[in-house]
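Summary of the model geometry
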Amino acid sequence: TQLLEQSPQFLSIQEGENLTVYCNSSSVFSSLQWYRQEPGEGPVLLVTVVTGGEVKKLKRLTFQFGDARKDSSLHITAAQTGDTGLYLCAGAGSSNTGKLIFGQGTTLQVKP
Amino acid sequence: EAQVTQNPRYLITVTGKKLTVTCSQNMNHEYMSWYRQDPGLGLRQIYYSMNVEVTDKGDVPEGYKVSRKEKRNFPLILESPSPNQTSLYFCASSSAEWNEQFFGPGTRLTVL
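Residues numbered from 1 in each chain as written. Chains lettered and ligands numbered in written order. Predicted model: local features only at pLDDT ≥ 70, side-chain atom pairs only at ≥ 80, totals over all residues. Heavy atoms only, no water.

Some words on the interface of chain A and chain B
- Each partner contributes residues to the interface: chain A has 20 residues there, and chain B has 21 residues.
- Between chain A and chain B lies a buried interface of about 1400 Å² when both sides are counted; carbon and sulfur atoms form 54% of it.
- When residues of the side of chain A that touches chain B are traced back to their parent elements, those giving at least two are strand 4 (31–37) and strand 9 (85–92) of chain A.
- By residue class, the composition of the side of chain A that touches chain B is eight nonpolar, 10 polar and two charged. (Contact = heavy atoms within 4.5 Å. Buried area = accessible area lost by both parts, 1.4 Å probe. Helix = DSSP H or I, 4+ residues; strand = E, 2+ residues; numbered from the N terminus. Nonpolar A, V, L, I, M, F, W, Y, C, P; charged D, E, K, R; others polar.)

Focus on the confidence of the model for chain A
- A residue-level look at chain A finds 94% of positions with pLDDT of 70 or above and a mean pLDDT of 92.
- Here strand 10 (residues 101–102) of chain A stands out as the element of chain A with the lowest mean pLDDT, 89, in contrast to strand 3 (residues 19–24) of chain A, whose mean of 98 is the highest. (pLDDT = per-residue confidence, 0-100.)

Looking at the layout of surface pockets
- Of the pockets and cavities examined, the largest pocket occupies roughly 530 Å³.
- In terms of lining residues, the largest pocket is bounded by 27 residues, among which Q37 and L86 of chain A together with Q37, L88 and R108 of chain B are the most central.
- Among the elements of the structure, strand 9 and strand 11 (106–111) of chain A together with strand 4 (31–38), strand 9 (87–94) and strand 11 (107–111) of chain B are those that each provide at least two residues to the lining of the largest pocket.
- Looking at the lining of the largest pocket residue by residue, the classes come out as eight nonpolar, 14 polar and five charged. (1 Å grid on protein atoms, 1.4 Å probe; cavity = no way out; pocket = protein on both sides within 12 Å on 5 of 7 lines; lining within 4 Å. Points joined across faces, edges and corners; volume = space filled by probe spheres on them.)

Listed below in structure tokens is the structure:
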């Protein structure tokens with residue numbers, strides 16, 4: 001069974017600080033997605049990384065897919081209160097078949 | 001506007017009283033699924049459907065039923081709800097099970 005472990009599960013920081021969220025597995029994924037969920041809403045896709053070692057940037061958010069495609073990280077620079085929410089990673093099977101496997105999520109609270 | 005809608009958004013019911021949560025998407029997606037979200041457990045898939053009249057169990061199907069008579073609709077049925085089914089439920093649709101999932105706004109269910 002493929003599992004995705006996210007860490008930390010909860011993070012509370014001050015506005016302006018940097019942070020990194022990790023998503024790890026012992027399994028290889030063909031691609032990995034990152035979602036953000038705000039209170040009272042469903043998750044929304046932020047980015048998909050496909051190639052081992054790939055780095056994608058979305059304004060202050062930097063996503064990296066591990067070389068072996070078993071892990072990923074999300075780094076936020078100079079966090080803002082608007083970044084508050086639940087961040088979920090989700091991995092697609094090694095041959096792009098089968099359902100997505102979701103991590104348990106990282107709750108981020110950015111205080112003013 | 002491309003979207004997934006769910007109704008109701010909030011529901012409080014009593015043990016044993018049958019209920020249905022509706023889900024509809026307007027993106028002509030073949031793949032639809034239901035998740036429940038509980039603190040510390042992330043998103044767990046209940047049932048999914050690859051196409052009309054094709055449904056299958058996810059990770060936590062006990063106590064739930066689904067149907068897919070039309071491509072756009074995928075209702076979730078609880079024949080005899082129990083308190084352990086108190087949760088936040090999300091419907092999602094996608095062009096394929098490993099692709100970006102479009103989530104509905106969620107249904108918060110409380111079973112007393």
